[in-house]
Amino acid sequence: MDSLEGPPSRVAGLSLPARIAVAVTLGAVAVAAAYHLAMVFLHVAPSNTLSKQHATAVNDYIYPEFEQNWKLFAPDPLQQNIHIQARTEVRKPGGGTETTGWVDLTGMDIAAMRHDPLPSHTQQNELRRAWSFYSDTHDTSEKATAGDRSDLSSTYLLRIIERRFGPTINGGQVVRIQARAATTPVPQPGAAAGSTSTQYRQLPWWAVDTASTGQEKSS
Amino acid sequence: MSTSGSPLVGGAHLPDADRTAPATAPPAAGGAGGGTGAESVPSPFASLGAGFDRALTRGLRRVTGSAVAPYQSAIVRIGFGLTWMLFLLREFPHRQELYGPNGPWGFDLAKRLLSSNHAFSVLMWSDSRGWFELVYAVAVVSSATLMLGYRTRTSSLLFMVGVLSLQNRSIFVGDGGDNVIHIMAIYLAFTRCGQVWSLDRRLAARRAARQHDTDAAADAGSDAGSDADSVAASESGTGPGSGVRSVRDGSGVDPVGIALWAVLGAALVAASAAGKLSTGWAVIFWLCWLGQALWWAVRRYAPGEPKTLMEVLGDIVHNGAMLVIVAEVCLIYSTAGWYKIQGSRWEDGTALYYPLHLDDFTPWPALSHALAGNDVMVMLITYGTVIVQVAFPFTLFNRRVKNVLLAGMMVEHASIAIVLGLPFFSLAMIAADAVFLPTGFLRWAGQEIGRAVRPRRTPAAAVIRPRTPDPAETLTPGQASGAAAEPAAGPTPPSTAVT
């Protein structure tokens, strides 16, 4: 190791108080690094004896800034395409209402991403993650399971859809919106492309706050 | 090879120490096998204590002696600065929708979420459009200055603030790439990542050269010795952290740095007065701010022991952060690999087929479907991915195998960038992988890139030279001389620029 042949250690030339400062810093950094890595390890490892015993300490340390998830396409990759689709109920100038057809919003994102070497997060992540946020915080009968987070997720999903439709469609004002998730399994390797059928999970109608500015919205 | 090799070289000392023990064992074992029984067999652990002591001493000297892995920390800095800057520029047209106060994840929703998880985001300080634009602009500029290594210490802090503020503001638009950037931005703030390949480095070299000229003119005798030493050190490429440091280096007043420090201080006062900072963050930012002032004062007024002490302390923190970065990358691959092992699709070798049929990750459907149609290729890549991810941390004990796997992972990430349409995720992962690149390769690559860029500059320099005899140009021939180009600046670790 050439480093041993270099100039003598800088620390050797320091006074005692300075060397104490070096030793204390070295100890503190070593402990901090070891503690940090232990916490990150317990956070990313599968739930185990230690991480269950120290769950509170681990979570207090990791959240919010060191949260991480490296289960990339694991344990199994997603094997289905989920498209978020939506339709609206519009109020016509004459006073009547009309229900528009289903629009495949995810499909529009996919079309926009096609042959784009730099897809935007607005196309690749926005709807996809908003839906997983929603489905993580609601059961299949659309009941909230996570308190305020459930409400945040449904408001977020509604706002994304609202923005994409705009205030008017077919000459009428949008008053209600309904979303559904269309899930199509990816056919097994070797199976024919059309061999899987699409399942729909339909969400309730949501009233649109016509005075909404994005700043103030009833929850 | 001490300065080459991965940052884990320090960790490799223990195996080294072990190796000395078995080496003495075979003859003794042979004697015992002969059945004479007269000679006692030396314990294979006999030299272990001494070996351990030696390794410990070497390790201590290393972590207190210099900021390790200057090239690796620089390439990680450049990689993440570049990735985040390109991402912000790409999303510039969509910035309002992703992070703005009136996007779908509105200010009100973010406020409700952040009040429960307490994530840090300066964007929550105000819902005004102007504030948002300012933060976005600072994020772009700080990622550029971090990449260039301009006032690296301050840039790395502002970079971290920008990354955390934007990502925490809208946590539901990110993906794995954002997650890597988020964590590395925090770690980078603790490193002295501007030692090489940075503007700080060049500016320090320029100052040193100017100083050298002034000294030579003013006093041909007294200082010549120390300056000659530093020039010798720089020419021999001893690089950053080498022992020779000019007493005068960087002792200029640095008005830009002082102005920047004052502006950031004012911002800090305002934020603290308005009660915007949590206690933890306030302590961190105030310590950094005071630390910069102390570092400036020490270099200017106490260039002896106080400066050396601060350098040693800074190096220790840097070395700890580099260890954490290296371990973090290992954890990323371990987690990714070990969870895959549990998946039936990864077991039967068809896992790759599925992402190639996910609409969100197939910007080039013809390419994806052609690849997915090749069953054998799908299986080989599926198995290869798991093998490489699980094996990678263990290969760190063998340079050659590590380098082969590293090249494989970088190629795979480059392919993911195109095939799965995840360019920023892939770039971030490649930047993280780069911490394991060997120093020899990095220096060679830096030199080749330098050469490739240089011919375009030469004519301009030739035109300028007759008009402005800038002292800095005396440096140019030295920098052109190849391998020693970057570390040629010798005397000053560039992260020392006062900001």
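Residues numbered from 1 in each chain as written. Chains lettered and ligands numbered in written order. Predicted model: local features only at pLDDT ≥ 70, side-chain atom pairs only at ≥ 80, totals over all residues. Heavy atoms only, no water.

**Q** Where do I start with the overall build of chain A in this structure?
**A** Broken down by element type, chain A carries 7 helices and 7 strands. In sequence order, chain A lays out its α and β elements as α-α-α-β-β-β-α-α-α-α-β-β-β-β. The buried share of chain A, reckoned over its 219 residues, is 41%. On chain A, roughly 11100 Å² of surface is accessible, and the fraction owed to carbon and sulfur atoms is 55%. (Helix = DSSP H or I, 4+ residues; strand = E, 2+ residues; numbered from the N terminus. Buried < 20%, exposed > 50% of the residue type's maximum accessible area, 1.4 Å probe, protein only. Areas by Shrake-Rupley, 256 points an atom, 1.4 Å probe, with all protein chains shown as cover.)

**Q** Help me understand the packing of aromatic side chains in this model?
**A** Aromatic ring pairs are reported here in terms of the distance separating the ring centres and the angle at which the planes meet. Counted by the stated rule, this structure contains 27 aromatic pairs over all chains. Summarising the aromatic geometry, the rings of Y156 of chain A and F172 of chain B are spaced 6.4 Å apart at their centres and angled 40° between planes, so their arrangement reads as tilted. Taken together, the positions of Y156 of chain A in helix α7 (residues 148–165) and F172 of chain B in the loop between α7 (152–169) and α8 (176–188) put the pair across two chains. Comparing Y156 of chain A with F172 of chain B shows no difference in burial state: the two are buried. For the ring pair Y71 of chain B and W197 of chain B, a centre distance of 5.2 Å and an interplane angle of 75° mean the geometry is edge-to-face. Here W197 of chain B lies in the loop between α8 and α9 (199–218) and Y71 of chain B lies in helix α3 (residues 70–90), a separation of 126 residues in the sequence. Accessibility assignment for this pair places Y71 of chain B and W197 of chain B in one class, buried. Ring pairing ties together the aromatic residues Y35, Y61 and F66 of chain A together with Y187 of chain B, which thus form one cluster. Across the ring face of Y339 of chain B, the terminal group of K71 of chain A is positioned such that the distance to the ring centre comes to 4.7 Å. (Phe/Tyr/Trp six-rings, centres within 6.5 Å; stacked < 30°, edge-to-face > 60°. Lys NZ or Arg CZ within 6 Å of the ring centre and 35° of its normal.)

**Q** I would appreciate a short explanation of the UniProt feature "transmembrane region" (unreviewed entry) in chain B in the present structure.
**A** Mapped onto the present numbering, the UniProt feature "transmembrane region" (unreviewed entry) falls on residues 68–89, 130–150, 255–274, 280–298, 319–339, 376–397 and 404–422 of chain B. For the annotated span residues 255–274 of chain B, helix accounts for 95% and strand for 0% of the residues, and the straight-line distance between the end C-alpha atoms is 28 Å. (UniProt positions renumbered as here; feature names shortened; annotations may be inferred.)

**Q** Before we go on, may I ask you to explain the side chain of R169 of chain B in this structure?
**A** Residue and element names in this part refer to chain B. Relative to the assigned elements, R169 resides in helix α7. At 6.8 Å, D108 is the nearest oppositely charged side chain to R169, a buried residue that forms no salt bridge. Only 3.5 Å separates the side chain of R169 from the side chain of S170, close enough to count as a polar contact. Not counting residues up to four positions away in its chain, the partners in contact with R169 are Y99, G100, P101, W105, G106, F107, A110, S121, L123, M124 and L164. (Lys, Arg positive; Asp, Glu negative; His and termini not counted. Salt bridge = Lys/Arg side-chain N within 4 Å of Asp/Glu carboxyl O. Polar contact = N/O pair within 3.5 Å; in protein donor to acceptor, adjacent residues only side chain to side chain. Contact = heavy atoms within 4.5 Å.)

**Q** Sorry, what's going on with unusual backbone geometry here?
**A** A negative phi angle characterises most non-glycine residues, just as the trans form characterises most peptide bonds. Across the junction of Y63 of chain A and P64 of chain A, the peptide omega takes the value 0°, indicating a cis bond. Residue position: P64 of chain A is located in the loop between α3 (55–62) and β1 (80–91). Following A74 of chain A, the chain continues into P75 of chain A via a peptide bond in cis, with omega recorded as -5°. Unusually for a residue other than glycine, H115 of chain A sits at a positive phi of about 60°. One non-glycine residue, R151 of chain B, lies in positive phi territory at about 45°.

**Q** Explain the UniProt feature "transmembrane region" (unreviewed entry) in chain A here, please?
**A** When the UniProt feature table is mapped onto this chain, "transmembrane region" (unreviewed entry) is found at residues 20–42 of chain A. The span residues 20–42 of chain A is 100% helix and 0% strand, and its two end C-alpha atoms sit 33 Å from each other.

**Q** Quick question: what am I supposed to make of the interface of chain B and chain A here?
**A** Size of an interface, as often reported, equals the accessible area lost when the parts are brought together. Taken together, the contact between chain B and chain A spans 95 residues of the former and 81 residues of the latter. Together, the buried faces of chain B and chain A total about 8000 Å²; carbon and sulfur atoms form 61% of this surface. Summed over the shared surface of chain B and chain A, the number is 6 salt bridges. The residue R159 of chain A makes a salt bridge to D108 of chain B at a minimum N-O spacing of 2.6 Å. For the interface between chain B and chain A, the tally reads 36 residue pairs in polar contact (both at pLDDT 80 or more). With 20 residues, the top contributor of residues to the side of chain B that touches chain A is helix α13 (residues 305–341) of chain B. In the side of chain B that touches chain A, the residues fall into 50 nonpolar, 26 polar and 19 charged. (Buried area = accessible area lost by both parts, 1.4 Å probe. Nonpolar A, V, L, I, M, F, W, Y, C, P; charged D, E, K, R; others polar.)

**Q** Looking at this structure, how should I read the packing of helix α2 (residues 48–65) of chain B against α13 of chain B?
**A** Helix packing geometry: the angle between the two helix axes and the distance between the axes. All names here are of chain B. Running from amino to carboxyl end, α2 crosses α13 at an angle of 110°, the nearest separation of the two axes being 7 Å. In terms of orientation, α2 lies roughly perpendicular with respect to α13. For the pair α2 and α13, the contacting residues are R62, V63, T64 and G65 in the first and V312, D315, I316 and N319 in the second. Its residues assigned to classes, the contact of α2 with α13 comprises 3 nonpolar, 3 polar and 2 charged. (Axes fitted to C-alpha atoms, helices over the stretch in contact; angles between N-to-C directions. Parallel < 35°, antiparallel > 145°, perpendicular 65-115°, else oblique.)

**Q** Is there a simple way to think about helix α6 (residues 129–148) of chain B in this case?
**A** Side chains of residues three or four places apart in an α-helix project in the same direction, reflecting 3.6 residues per turn. Residues and elements named next belong to chain B. The end-to-end C-alpha separation of α6 is 29 Å, in line with the 28 Å expected for 20 residues at 1.5 Å each. Within the sequence span of α6, burial applies to F132, V135, Y136, A139, V140, S142, S143, T145, L146 and M147. Where α6 is buried, its residues meet α3, α4 (95–99), α7 and α8. At the exit of α6 stands G149, carrying a positive phi of roughly 75°. (Expected span 1.5 Å × (residues − 1).)

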